[in-house]
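Now for the letters of each chain:
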Amino acid sequence: MKRLPLIRYVVAASLCAAIGAALACPLVAEDGDVLGGTDLRLAWKLVERPAIEVSETFAIDVRACPADAELIRVDAVMPAHRHGMNYKPSIEVVGPGRWRVRGLLWHMRGTWELSFELRHAGSVRTLRRGIELQ
């Protein structure tokens, strides 16, 4: 019987663990726009209104996988203009790994970068998404 190098077993085990983690906490299209990798992911979606409008507050629902992650901060900046929002949004826990973020307001058209800061497994990570506000 031919023996496989140990590295193949390690790679296979890591791959199985990543697939298992993704299946244990699936994020689907109904959860919203999905960000992140296999170890930490989140989905966010707009609620209470059909679209983001200039100078109108809006709220989003956020779901993280794994559910023991902690959402510590949500912010947005306009990289081209080198400024952010004029208001600080509030984060409300609605369940394990679930939050409602209220009070977001984008005061001008252009490209915004929405960022989510999460704490998980002893580290802090930031996941970002660029959004064009027409």
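What counts and what doesn't
- Residues numbered from 1 in each chain as written.
- Predicted model: local features only at pLDDT ≥ 70, side-chain atom pairs only at ≥ 80, totals over all residues.
- Heavy atoms only, no water.
- Helix = DSSP H or I, 4+ residues; strand = E, 2+ residues; numbered from the N terminus.
- Buried < 20%, exposed > 50% of the residue type's maximum accessible area, 1.4 Å probe, protein only.
- Contact = heavy atoms within 4.5 Å.
- Areas by Shrake-Rupley, 256 points an atom, 1.4 Å probe, with all protein chains shown as cover.
- Pairing = 2+ DSSP bridges.
- Phe/Tyr/Trp six-rings, centres within 6.5 Å; stacked < 30°, edge-to-face > 60°.
- pLDDT = per-residue confidence, 0-100.

Quick look at the overall build of the chain now. Within the chain, the secondary structure is distributed over one helix and nine strands. In the chain, the order of α-helices and β-strands from amino to carboxyl end is α-β-β-β-β-β-β-β-β-β. In the chain, which comprises 134 residues, the share counted as buried stands at 34%. Sequence-distant contacts in the chain: of pairs separated by 6 or more residues, those separated by 24 or more amount to 54%. A total accessible area of about 8,400 Å² is found for the chain, and carbon and sulfur atoms account for 55% of it.

Okay, the sheet that holds strand β8 (residues 110–120) next. Within the open sheet, the four strands sit side by side as β5-β4-β8-β9. Their pairing is antiparallel. Whereas interior strands pair on both sides, the edge strands pair on one side only; in this sheet they are β5 (83–84) and β9 (123–133). With two bridges connecting them, strand β4 (residues 70–78) and β5 associate as antiparallel partners. Bridge pairing in β5 links Met78 to His83.

The next subject is the pairing of β8. For β4 and β8, the ladder comprises seven bridges, and the chain directions are antiparallel. From the neighbouring strand, Leu71 faces β8, where its bridge partner is Leu118. Both β8 and β9 contribute to a ladder of 11 bridges, which runs antiparallel. Across the sheet, residue Ser115 finds its bridge partner in β9, namely Arg128.

Taken as a whole and assessed by the stated rule, the structure comprises three aromatic pairs. Centroid distance Phe58 to Trp106: 5.2 Å. Interplanar angle 85 degrees. Geometry classified as edge-to-face. On the criterion of sequence distance, the pair formed by Phe58 in strand β3 (residues 58–65) and Trp106 in the loop between β7 (98–104) and β8 is long-range, its members being 48 residues apart. Members of the aromatic cluster, each reached through a chain of ring pairs, are Phe58, Trp106 and Trp112.

Turning our eyes to something else, we now look at the confidence of the model for the chain. For the chain, the average pLDDT comes to 86, and 82% of its residues sit at 70 or higher. Every residue in residues 6–23 scores below 50 in pLDDT, and together they form three contacts with partners more than four places removed in sequence or on other chains.

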